[in-house]
Amino acid sequence: MRDDKHTGSRYAYPTLLGCGKSGKTIKMAIGFSEHLDFGPIIGWELYQVTIDKYHIMFWFENEHALLNIADRFSFRSSDGVVDFSYEIYGNHKSLNVDRILRTKVAEARIVSKDRLNLVFDNGDVLSVYDNPEFRSWWFLGGRQNDPVRQRTNWSFSIGDRDPEDLAEQEYQDRRA
């Protein structure tokens, strides 16, 4: 439950929990909520960051775990020397995250329904933002490559939902 700072009322964000065909747990959300357990990502070490036209991919654990961002994020170093935002569909394209490469996630802190802060061991903060208009972020972990089927399976997933997958009230709540 969270307090709405405008009305003072308490609310919870609906979350979809289910199992995929492989029996793995899949957790999808409307924004960030306390119903999501970000505990499994604590201790993940950032391995590399890759950029493509529609995503920024933060690879952890020697490419066995992934944070995929499809909208925007920001970064602030603990000493304030580095402070920027990156917008995939905007004009802000600065990227300077070498300070957190080979550094572990120490804490995942939900700041609001549209912002999650990942605090690294060195105190630097990566903020992931939710966009209510589309699926804008997701975590995947436990990557297993199956050479026989030539596909990749993930044993762990936390992700945002696409607007077309929401009930009308969920969609309106997300936009509020």
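Nothing here was measured: the structure is a model prediction, and the numbers come from that model.

## Comments concerning the side chain of N117
Link 1 in the chain: Relative to the assigned elements, N117 resides in strand β11 (residues 115-120).
Link 2 in the chain: Given the relative accessible area of 5%, N117 is considered buried.
Link 3 in the chain: Within the structure, the side chain of N117 is placed 2.5 Å from the side chain of S127, a separation counted as a polar contact.
Link 4 in the chain: Leaving out residues up to four positions away in the same chain, N117 has contacts with E107, A108, R109, V111, V125, L126 and S127.

## As for unusual backbone geometry
It is generally the case that most residues other than glycine have a negative phi and that most peptide bonds are trans.
Link 1 in the chain: Non-glycine residue N62 carries a positive phi angle of around 55°.
Link 2 in the chain: With respect to the helices and strands, N62 occurs in the loop between β6 (56-60) and β7 (65-69).

## Digging into the sheet that holds strand β8 (residues 72-76)
Link 1 in the chain: Ordered in space as β9-β8-β12-β11-β10, the five strands form an open sheet in which the pairing is antiparallel. Two strands lie at the open edges of the sheet, namely β9 (83-87) and β10 (105-112), each paired on one side alone. Mean inter-strand twist for the sheet, computed between neighbouring axes without regard to direction, equals 20°.
Link 2 in the chain: Relative to β9, β8 runs antiparallel, the two being bridged by five bridges.

## A look at the pattern of salt bridges
Link 1 in the chain: Applying the stated criterion across every chain yields a total of five salt bridges.
Link 2 in the chain: R76 is the salt-bridge partner of D83, the closest N and O atoms lying 3.0 Å from each other.
Link 3 in the chain: Using a relative accessible area of 51% as the deciding quantity, one classes D83 as exposed.
Link 4 in the chain: For the salt bridge of R99 with D79, the shortest nitrogen-to-oxygen distance reads 3.5 Å.

## Thoughts on the pairing of β6
Link 1 in the chain: The buried fraction of β6 is high, at five of five residues.
Link 2 in the chain: Covered by surrounding structure in β6 are I56, F58 and F60 together with M57 and W59, the residues of both alternating faces.
Link 3 in the chain: Pairing between strand β5 (residues 46-51) and β6: five bridges, direction antiparallel. Along β6, the bridge assignment pairs V49 with F58.
Link 4 in the chain: Hairpin geometry of β5 and β6 is characterised by an intervening segment of four residues between the two adjacent antiparallel strands.

About the criteria used
- Residues numbered from 1 in each chain as written.
- Predicted model: local features only at pLDDT ≥ 70, side-chain atom pairs only at ≥ 80, totals over all residues.
- Heavy atoms only, no water.
- Helix = DSSP H or I, 4+ residues; strand = E, 2+ residues; numbered from the N terminus.
- Buried < 20%, exposed > 50% of the residue type's maximum accessible area, 1.4 Å probe, protein only.
- Polar contact = N/O pair within 3.5 Å; in protein donor to acceptor, adjacent residues only side chain to side chain.
- Contact = heavy atoms within 4.5 Å.
- Pairing = 2+ DSSP bridges.
- Axes fitted to C-alpha atoms, helices over the stretch in contact; angles between N-to-C directions.
- Salt bridge = Lys/Arg side-chain N within 4 Å of Asp/Glu carboxyl O.

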